[in-house]
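# Examining the three-dimensional arrangement
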Amino acid sequence: MTTTPKIALTGVAKAFGPNRVLRGVNLTVNQGQSVVIIGGSGTGKSVTLKCIIGLVEPDAGTIAIDGQTVTRANRAEFLDQFGMLFQGGALFDSIRVWENVAFRFLRGADRLTRVEARARAVEKLARVGLGEAVADLFPAELSGGMQKRVGLARAIATDPKIIFFDEPTTGLDPIMADVINDLVREIVTEMGATAMTITHDMRSVRRIADRVAMLHEGIVQWEGPVAEIDSTANPYMHQFVNGLPTGPIAAIR
Amino acid sequence: MPVVSAISGLLAGTGAAVIGLCRGTGALVLFAVAAVSHIFRPRWYPGEFGRQLLRIGYDSLPVVGLTALFTGGALALQIYAGGSRFNAEAVVPSIVAIGMVRELGPVLCGLMVAGRVGASIAAEIGSMRVTEQIDALTTLSTNPMKFLVAPRVLAATLTLPVLTAVSDVIGIMGGYLVGTGRLGIGPENYIRNTVDFLTAGDVTSSLAKGAVFGFIIAVVGCYQGYNSARGAQGVAQATRGAVVTASILILAANYLLTEVFFSA
């Protein structure tokens, strides 16, 4: 019996002018899996995530969630089950930390009172290791690592079924990077969420991933379990994982 | 051959500029239509709308008031200086009133708010674009057009007429202070002349101009910020574009509205 993948990309293509960033990405992610997309800068990792969310409209191909093709008409209902941690945090700097985390609770038909929303936000902040004192600060008053944690708390605030992590450890020191890696892994496991992460950081890959997809020249060059990334004979993976200057991936792109 | 090449280069450059202008105009119009459509369709964000009313309206009162006060005073001096050549000093109150209410009140209010609010809207939304905060809104099931653009456009369209009215009144008051304090016009005479010469049509046109200018300022500011290029330079360009474009459109719209309201 085959199970329906949680996320399925089929032949997704996107060009910006003459630059064909995605040339037919095929990728499936099963329920509860943590898939990490790796690849060099400018290979379309972020564009792939943005296509799934709807921030970028693909030129060709289909994206399906739970077997249902995502269209402009039904995208809003899919977004309700998404959470995303952005590379720079993307926290709203005009509102307090707890209001960032409780953003969804404060708006819309199912909104909570401010007292209830704050309590939920404080609970999520505690889950990422931040105390209540942080809740009333503004994002600009936090360090980079703390902003990442607040972004993580916001991403998991509504217990989403799918979470995207865009370069979760970029710009962090090695200790803080490992803290974030562990948090991501723990949260994905305990929530049973399906996760997609994009990163250059091989340490993150080994800590976060169940499966790994290597994106290069607009297509998935290799996809497999994280345990096989060191043993695969795929030349792209071999070069990328070992950081070799020579191979099929040009050092200067 | 070099001449042919130079001419073809000139034509190509001109053509590219025209195409760029048409494309930009079309994109701005489509953005404005989308903004208006989101004002009338749920979901609405009253808290955000209230914040924008205060930021655009209340916070602009000092700059609009001071601009009008000094302009009204200067206008009174100029009209007196010009009118005295024809023994027509008595026209100062009526011309100040008509000049302020029909033209200077709404136009100066619009230009000052374009500088203050239009730039601020473009810089804020541009920064949000650059730091992925607009993308984050989408992932939080919040349509940025509804959350960021619609409240600002509605708030500016509703508050600019009020600011224009304030500008008109304070401008007339500036003329009154100069007229009665420096030019020897009696206070009662000044007020009577002002009231007698102003018509309901003058006031209506002033408020209508204010609403149009408010719409222009917010739509242009939001459009520039929303489409800001990456980096600090992108935000700077968006901010500059918001002020320059809104100012030119305000002056052009003012001419058209004056034609509509006052041409014989």
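Residues numbered from 1 in each chain as written. Chains lettered and ligands numbered in written order. Predicted model: local features only at pLDDT ≥ 70, side-chain atom pairs only at ≥ 80, totals over all residues.

## Quick word on the interface of chain B and chain A
Going by this rule: Each residue is represented by a C-beta atom placed from its backbone, and any two residues with such atoms within 7 Å are regarded as in contact. Each residue receives one of three labels: charged for Asp, Glu, Lys and Arg, nonpolar for Ala, Val, Leu, Ile, Met, Phe, Trp, Tyr, Cys and Pro, and polar for the others, Gly being one of them.
Contacts between the two partners involve 12 residues from chain B and, on the opposite side, 16 residues from chain A. Along the lines of polarity and charge, the residues of the side of chain B that touches chain A split into 3 nonpolar, 6 polar and 3 charged.

## Comments concerning the sheet that holds strand 5 (residues 68-69) of chain A
Test applied: Strand pairing is assigned whenever DSSP detects at least two bridges linking the two strands. Counting from the N terminus, the helices are DSSP H or I runs at least four residues long and the strands are E runs at least two residues long.
Across the sheet, 4 strands lie side by side as 2-1-4-5 (chain A); this open sheet has antiparallel pairing. Of all strands in the sheet, those bounded by a partner on one side alone are strand 2 (19-29) and strand 5 of chain A.

## Let's talk about the sheet that holds strand 3 (residues 34-38) of chain A
Residues and elements named next belong to chain A. Here is the rule we go by: The angle between two axes is taken between their N-to-C directions and runs from 0 to 180 degrees, where each axis is a line fitted to C-alpha atoms and a helix contributes only its stretch in contact.
In spatial order, the strands read 6-7-8-3-9-10; together these 6 strands make up an open sheet with mixed pairing. Unpaired on one side and paired on the other, strand 6 (82-85) and strand 10 (219-225) mark the two borders of the sheet. Shown here is a sheet whose adjacent strand axes are inclined to one another by a mean of 15°, direction ignored. The sheet contact formed by strand 3 and strand 8 (residues 194-198) spans 4 bridges and is parallel.

## Describing the pairing of strand 1 (residues 7-16) of chain A
Residues and elements named next belong to chain A. When strand 1 meets strand 2, the two strands line up antiparallel, connected through 8 bridges. Each bridged residue has a counterpart across the sheet, and for alanine 8 the counterpart in strand 2 is threonine 28. When strand 1 meets strand 4 (residues 60-65), the two strands line up antiparallel, connected through 5 bridges. For threonine 10, the partnering residue across the bridge sits in strand 4 and is threonine 62.

## Some words on the pairing of strand 4 of chain A
All names here are of chain A. In this structure, strand 4 lies alongside strand 5, joined through 2 bridges in antiparallel fashion. Bridge pairing in strand 5 places alanine 64 opposite threonine 69. Two successive antiparallel strands, strand 4 and strand 5, enclose a turn made up of 2 residues, where aspartate 66 displays a positive phi of approximately 50°.

## A word on the confidence of the model for chain B
Here is the rule: The pLDDT score gives, residue by residue, the confidence of the prediction method on a 0 to 100 scale.
In the predicted model, chain B carries a mean pLDDT of 94, and 99% of its residues have values of at least 70. In the model output, the complex is listed with pTM 0.88 alongside ipTM 0.87.

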